[in-house]
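If you want the building blocks of each chain, they are given just below.
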2 protein chains.
Amino acid sequence: MKVVKFGGSSVASGEQFRKVANIIERDSQRKIVIVSAPGKRYNDDVKTTDLLITLAESVTTDGYDQEIFNAIIKRYEEIVRDLSLHTELIDEVRMSLEDAIDRYRHQQARLLDVLKSSGENNNAKLMAAYLASLGYEVSYVSPQEAGMMVTDEPGNAQILPESYELLAKLKERSGILVIPGFFGYSHEGHIVTFPRGGSDITGSIVAAGVDADEYENFTDVDSIYCVNPLMVNNPCELKELTYREMRELAYSGFSVFHDEALQPVVEKGIPVCVKNTNRPEAPGTCIVAERKLNGQPVIGIASDNGFCSLNVSKYLMNRELGFGRRLLAILEDEGISYEHTPSGIDNMSVIIRCERFMNGKEERIMQRIRTELEVDQIHIERDLAMIMVVGEGMNRAVGIAAKATKALAEAGVNLKMINQGSSEVSMMFGVEVNDVHKAVNCLYKAYF
Amino acid sequence: MKVVKFGGSSVASGEQFRKVANIIERDSQRKIVIVSAPGKRYNDDVKTTDLLITLAESVTTDGYDQEIFNAIIKRYEEIVRDLSLHTELIDEVRMSLEDAIDRYRHQQARLLDVLKSSGENNNAKLMAAYLASLGYEVSYVSPQEAGMMVTDEPGNAQILPESYELLAKLKERSGILVIPGFFGYSHEGHIVTFPRGGSDITGSIVAAGVDADEYENFTDVDSIYCVNPLMVNNPCELKELTYREMRELAYSGFSVFHDEALQPVVEKGIPVCVKNTNRPEAPGTCIVAERKLNGQPVIGIASDNGFCSLNVSKYLMNRELGFGRRLLAILEDEGISYEHTPSGIDNMSVIIRCERFMNGKEERIMQRIRTELEVDQIHIERDLAMIMVVGEGMNRAVGIAAKATKALAEAGVNLKMINQGSSEVSMMFGVEVNDVHKAVNCLYKAYF
């Protein structure tokens with residue numbers, strides 16, 4: 001059995017609904033369908049979820065923004081008309097929104113959650129109706145009925161462990177099940193939405209719950225690329241990569257889905273296949289627990305900007321038991337998470353995302369480190385970028401680092417940092433932000 | 001003014017005393033002389049300090065090991081006779097030992113400290129007598145008189161800050177001052193010895209106290225080499241290096257003195273010159289706060305065996321605030337200091353000296369990490385060696401890493417780890433112990 005999730009652009013219009021039906025038609029294993037809210041139909045389009053958030057914000061004691069309300073209804077109306085579904089469905093959408101506004105007018109956080117969730121919820125109802133109209137045995141299953149039990153924290157739902165046992169019962173049901181993504185129900189009976197990557201989270205949880213053979217993630221790209229296509233022209237596509245490789249590549253932000261969402265399937269070892277709704281015949285990219293190595297140790301290059309390095313030095317630092325722990329404790333105390341802590345004998349650097357270092361925290365932290373740890377020197381280096389060279393088995397191949405450092409040296413890139421050896425699947429290079437493009441391109445040429 | 005310290009082999013015999021006198025003769029700036037206990041005269045010789053420790057251990061209520069006692073006296077007797085000094089000096093040495101044994105027979109720790117310190121103390125008296133016999137204006141100055149005030153912790157004295165003001169007054173005295181190394185006096189009036197590197201510590205503290213122009217450290221090698229001479233034939237000698245470079249090179253253990261001892265002079269920026277008592281005309285090596293860069297970014301290669309790597313991995317580790325700090329806190333809690341903590345996105349390694357990981361601690365620590373941090377995987381990799389490539393300014397030179405990784409790849413060395421960028425003066429490579437010799441040699445060829 002496959003759990004199939006369709007992202008926002010895959011269910012944005014009647015035309016996209018037809019593609020989804022074709023995809024379901026083609027493989028009888030596709031039994032559970034997770035549906036997002038209608039996304040963008042073209043570049044400048046506005047996602048339904050964003051309209052719903054604006055609507056929620058416009059709600060007052062007396063009313064709400066009627067124009068936004070109508071724009072939302074229009075999105076569903078277009079789909080219903082295009083697919084010649086019952087127009088009653090449009091009335092149901094309208095009533096569900098009006099009911100939500102009436103009921104939660106004075107509870108802003110709940111109102112926001114209920115309106116946001118309606119994007120997925122109403123779209124799933126339309127999808128079920130459409131598949132039924134084509135003659136499928138199909139049921140819309142609400143997250144409550146499915147057993148998607150979550151914590152009662154608006155906008156930040158966490159799945160409750162008991163859900164998995166409830167979700168496992170979905171396997172016994174016949175026909176196709178359509179479940180809206182993005183939200184669950186709390187013990188108190190409230191709708192609560194997941195944080196970022198919401199529909200991915202639902203799909204991943206359901207796939208783990210029913211112990212699916214595969215979790216298919218349909219989106220609008222053919223595959224995951226070996227390098228960000230914005231950096232390198234026509235980079236090669238990846239057919240298969242491991243969870244670990246995906247995690248390293250996701251670091252760069254060019255991943256097509258939210259890696260945190262995948263935790264439930266990663267734990268169960270369920271393959272995740274990324275495919276294109278608009279070109280379902282393309283093989284896509286499968287993310288698996290283990291893959292056969294093909295003699296090519298490097299499979300991808302990721303990069304990310306916006307790092308800074310907090311560098312401290314102190315004579316005899318390495319003889320001081322607890323120095324590193326105390327430095328990290330100061331950062332934790334100030335709520336700052338860090339990426340890496342390369343260290344020499346008398347010095348230690350902490351690589352931090354610059355955005356975490358805002359609002360005067362920087363001066364206070366430096367002062368605390370100076371006085372509490374009595375360091376000799378402390379300074380911050382900014383505008384750093386990290387480049388990850390990724391591939392299973394690269395830790396056993398001789399000469400990988402040589403190839404990379406040679407290419408970077410020939411391109412005149414000043415290597416600020418190298419971190420290799422901790423991860424079995426990646427090697428990290430720190431460079432100045434200005435050098436990133438040059439660095440990624442010369443590494444791509446060296447390895448591909 | 002120069003503070004001049006002579007190590008054990010430099011003051012091991014009458015012949016060596018004559019060399020010391022010649023060295024003092026040659027430079028009128030050499031006003032304060034720090035003397036060690038008589039060291040080895042030949043390879044299989046026993047250091048006086050070791051004889052004194054054995055003597056202290058042999059002391060019972062009724063007596064002590066007379067043979068060892070006589071062997072100690074004989075060391076001084078030979079020097080006295082060779083230099084035609086008053087034989088009364090020998091009686092004074094004998095009496096000082098007998099007095100110490102009588103007085104501290106029932107206080108083992110004190111007895112050990114007093115006997116150990118007598119090695120330096122009696123040798124300093126002989127040196128003062130010898131220089132006087134040559135017609136110098138010279139005084140033996142006991143550490144108490146000099147103002148060397150320390151904590152009252154037998155065998156582990158720490159200098160008290162007030163000492164520096166007292167020591168500064170030594171500048172006002174005329175003639176040559178001979179001070180025994182290795183010990184100070186506590187407020188309670190007890191003799192207390194320094195930990196490892198004892199005479200180096202005394203020299204460094206006195207040099208800082210009198211604000212010396214230079215601290216000369218006479219030993220039995222011509223200079224510090226750019227690489228361990230046991231690894232590479234006839235490596236080049238270093239004329240000058242910075243404190244930071246010295247610290248990185250000292251990591252390898254081929255340093256000729258104890259780097260921890262140098263802290264007082266490092267803080268004051270006093271140059272430290274390492275010279276050979278047996279070949280004082282050789283230029284030696286000067287360790288300074290800053291040096292002119294000569295366009296050669298790498299000045300040395302150090303290596304050290306006996307490391308292991310504790311590797312942990314956990315999905316989404318980098319999103320978990322406090323993970324690294326908690327891991328380090330477990331190690332600290334178990335009394336284990338670490339060297340480095342390279343990390344990837346979902347993994348972290350802690351490089352530890354294997355010797356710190358003994359006595360069943362390993363299993364307990366792994367179990368604690370498994371349960372307290374809920375990691376996915378944990379394993380220990382052994383038999384690792386670390387190689388440091390050292391040089392001021394290498395962080396600004398393009399291609400340094402490329403040269404190293406190319407050389408290592410061509411030599412077929414599997415690079416387990418690279419850590420570059422935290423230290424401005426070094427780059428670290430982790431290799432298997434079996435590959436160290438090959439690795440150091442190919443790096444030496446690449447850089448020198």
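Per an unreviewed UniProt entry, chain A goes by the name Aspartokinase and belongs to Bacillus chungangensis. The Function (unreviewed entry) comment attached to chain A in UniProt states, word for word, "Catalyzes the phosphorylation of the beta-carboxyl group of aspartic acid with ATP to yield 4-phospho-L-aspartate, which is involved in the branched biosynthetic pathway leading to the biosynthesis of amino acids threonine, isoleucine and methionine." Under Sequence similarities (unreviewed entry), UniProt gives the following word-for-word description of chain A: "Belongs to the aspartokinase family."

## Some details on helix α14 (residues 436-447) of chain B
Residues and elements named next belong to chain B. Between its first and last C-alpha, α14 extends 16 Å over 12 residues, near the 16 Å set by a 1.5 Å rise per residue. Inspection of α14 places Val436, Ala439, Val440, Asn441, Cys442, Leu443, Tyr444 and Tyr447 among the buried residues, and these make up the whole buried set. Where the residues of α14 are buried, they touch β13 (300-313), β15 (377-390), α13 (400-410) and β17 (426-432).

## Thoughts on the packing of aromatic side chains
In this description, a pair of aromatic rings is defined by centroid distance and the angle of the planes. The full count for this structure, using the stated rule, is 10 aromatic pairs over all chains. Stacked on the ring of tyrosine 315 of chain B, the Lys or Arg arginine 247 of chain A has its end atom at 5.6 Å from the ring centre.

## With respect to the pairing of β15 of chain B
All names here are of chain B. Here β13 pairs with β15 via 11 bridges, running antiparallel. Bridge pairing in β15 places serine 303 opposite isoleucine 387. With 7 bridges connecting them, β15 and β17 associate as antiparallel partners. By the bridge assignment, alanine 385 is partnered in β17 with valine 431.

## Quick look at the interface of chain A and chain B
In this complex, chain A contributes 61 residues to the contact, which on the side of chain B involves 61 residues. Carbon and sulfur atoms supply 51% of the area buried between chain A and chain B, which totals about 5,200 Å² over both sides. Counting across the chain A and chain B interface gives 4 salt bridges. Across the pair aspartate 346 of chain B and arginine 247 of chain A runs a salt bridge whose closest N-O atoms are separated by 2.4 Å. Of all the secondary structure elements, the ones that give two or more residues to the side of chain A that touches chain B are α9 (243-250), α10 (263-268), α11 (323-333), β14 (347-353), β15 (377-390), α13 (400-410) and β16 (417-420) of chain A.

## Remarks on the packing of helix α2 (residues 48-58) of chain A against helix α3 (residues 66-82) of chain A
Residue and element names in this part refer to chain A. For the pair α2 and α3, the least separation of the axes is 9 Å and the interaxial angle reads 155 degrees. It follows from the interaxial angle that α2 and α3 lie roughly antiparallel. For the pair α2 and α3, the sense of crossing is left-handed. Contacts between α2 and α3 involve Thr48, Leu51, Leu52, Thr54 and Leu55 from the first element and Ile68, Phe69, Ala71, Ile72, Arg75 and Tyr76 from the second. Here the residues of the contact of α2 with α3 are counted per class, giving 8 nonpolar, 2 polar and 1 charged.

## Side note on the pattern of salt bridges
All names here are of chain B. For the coordinates displayed, the defined rule picks out 69 salt bridges over all chains. Linking lysine 2 and glutamate 216 is a salt bridge whose minimum nitrogen-to-oxygen distance equals 3.9 Å. Of this pair, lysine 2 sits in strand β1 (residues 2-6) while glutamate 216 sits in strand β7 (residues 214-219), and the two are 214 residues apart along the sequence. Comparing lysine 2 with glutamate 216, the two get one shared label, buried.

## Observations regarding α13 of chain B
Considered for burial, the residues of α13 of chain B that qualify are Ile400, Ala401, Ala402, Ala404, Thr405, Ala407 and Leu408 of chain B. Buried residues along α13 of chain B sit against α13 and β16 of chain A together with β16 (417-420), β17 and α14 of chain B. Note on α13 of chain B: the residue one or two positions beyond its end, glycine 412 of chain B, has a positive phi of about 75 degrees.

## Focus: the sheet that holds strand β2 (residues 30-35) of chain A
Residue and element names in this part refer to chain A. With mixed pairing, the 8 strands of this open sheet are ordered in space as β3-β4-β2-β1-β7-β11-β12-β10. The sheet is open, and its two borders are formed by β3 (138-140) and β10 (240-242), each paired with just one other strand. Direction aside, the axes of adjacent strands within the sheet are offset by 20 degrees on average. Packed on one face of the sheet, α9 meets β10, β11 (272-276) and β12 (285-288) and runs near 90 degrees to β10.

## A short note on the state of the cysteines
All names here are of chain A. In total, this model carries 2 disulfides over all chains according to the counting rule given. Shown here is the disulfide that connects cysteine 273 with cysteine 286, its sulfur atoms set 2.1 Å apart. Of note, the bridge from cysteine 273 to cysteine 286 carries an S-S torsion of about 90 degrees and is right-handed in sense. Of this pair, cysteine 273 sits in strand β11 while cysteine 286 sits in strand β12; the two residues are 13 residues apart in sequence, bridging distant segments of the chain. Here cysteine 226 stays free of any disulfide, with the sulfur of cysteine 236 as its closest cysteine sulfur at 3.0 Å.

## What to know about the side chain of asparagine 217 of chain B
Note on placement: asparagine 217 of chain B falls in strand β7. Reaching out from asparagine 217 of chain B, the side chain makes a polar contact with the side chain of aspartate 200 of chain B at a distance of 3.0 Å.

## What to know about the sheet that holds strand β13 (residues 300-313) of chain A
Across the sheet, 10 strands lie side by side as β14(A)-β13(A)-β15(A)-β17(A)-β16(A)-β16(B)-β17(B)-β15(B)-β13(B)-β14(B); this open sheet has antiparallel pairing. Each having just a single partner strand, β14 of chain A together with β14 (347-353) of chain B make up the two edges of the open sheet. The average undirected angle you get between the axes of adjacent strands in this sheet is 30 degrees. As paired elements, β13 of chain A and β14 of chain A share 7 bridges and run antiparallel to each other. Looking across to β14 of chain A, one finds that serine 309 of chain A is bridged to isoleucine 351 of chain A. Against the sheet, α13 of chain A contacts β16 and β17 (426-432) of chain A together with β16 of chain B, and its axis sits at roughly 15 degrees relative to β17 of chain A.

## What to know about unusual backbone geometry
Unlike most non-glycine residues, serine 84 of chain A shows phi in positive territory, near 55 degrees. Examined against the element boundaries, serine 84 of chain A turns out to sit in the loop between α3 and α4 (88-104).

## Some details on the relation of the copies chain A and chain B
Note on the identical chains: chain A maps onto chain B by a rotation of 180 degrees and an axial translation of 0.1 Å, with an RMSD of 0.2 Å. Taken together, the rotation and translation relating the two chain copies correspond to the operation of a two-fold axis. Counting the interface residues of chain A, we find that 100% of their copies in chain B are interface residues as well, pointing to one common contact surface.

About the criteria used
- Note that residues are indexed from 1 along each chain, following the sequence as it is written.
- As they are written, the chains are lettered A onward and the ligands numbered 1 onward, keeping that order.
- The predicted origin of the model limits local features to residues at a pLDDT of at least 70 and limits the giving and counting of side-chain atom pairs to 80 or more, whereas totals for whole chains, interfaces and linings rest on all residues.
- With hydrogens and water set aside, each side-chain value is computed from the structure's full complement of heavy atoms.
- UniProt positions are given in the numbering used here, feature names are shortened, and annotations may be inferred rather than shown by experiment.
- In this description a helix means any DSSP run of H or I spanning at least four residues, a strand means any run of E spanning at least two, and both kinds are numbered starting from the N terminus.
- Under the convention used throughout, the expected extent of a helix is 1.5 Å for every residue step, that is, one less than its residue count.
- Only protein chains enter the calculation, and the probe is 1.4 Å; a residue is then buried if its accessible area is under 20% of its type maximum, exposed if over 50%, and partly exposed in between.
- Should any heavy atoms of two residues lie within 4.5 Å, those residues are considered in contact.
- The rule is short: rings of Phe, Tyr and Trp, with Trp giving its six-membered ring, pair when the centres are within 6.5 Å, and they are stacked under 30 degrees, edge-to-face over 60, tilted in between.
- By the criterion adopted, a ring carries a charge over it if an Arg CZ or a Lys NZ lies within 6 Å of its centre and within 35 degrees of its normal.
- Two strands pair under a simple rule: DSSP has to find at least two bridges between them.
- Simply put, the buried area is the total loss of 1.4 Å probe accessible area from both parts when two parts are fitted together.
- The salt bridge criterion pairs a side-chain nitrogen of Lys or Arg with a carboxyl oxygen of Asp or Glu, the two atoms within 4 Å.
- In this analysis an axis means a line fitted to C-alpha atoms, helices contributing only their contacting stretch, and an angle means the value between N-to-C directions, from 0 to 180 degrees.
- In these notes the angle categories are as follows: under 35 degrees is roughly parallel, over 145 is roughly antiparallel, 65 to 115 is roughly perpendicular, and the rest is oblique.
- Helix crossings fall into two classes, left-handed where the near helix is turned counterclockwise from the far one by less than a right angle and right-handed where it is turned clockwise.
- Amino acids are sorted into nonpolar (Ala, Val, Leu, Ile, Met, Phe, Trp, Tyr, Cys and Pro), charged (Asp, Glu, Lys and Arg) and polar (every other residue, Gly among them).
- Here, the term disulfide refers to a pair of cysteine sulfur atoms separated by no more than 2.5 Å.
- Pairs of N or O atoms are called polar contacts if they sit within 3.5 Å, as long as, within protein, a hydrogen donor faces a hydrogen acceptor (for residues adjacent in sequence, only side-chain-to-side-chain pairs).
- Each copy is superposed on the other by least squares, with the fit set by C-alpha atoms of residues at a pLDDT of at least 70 in both.

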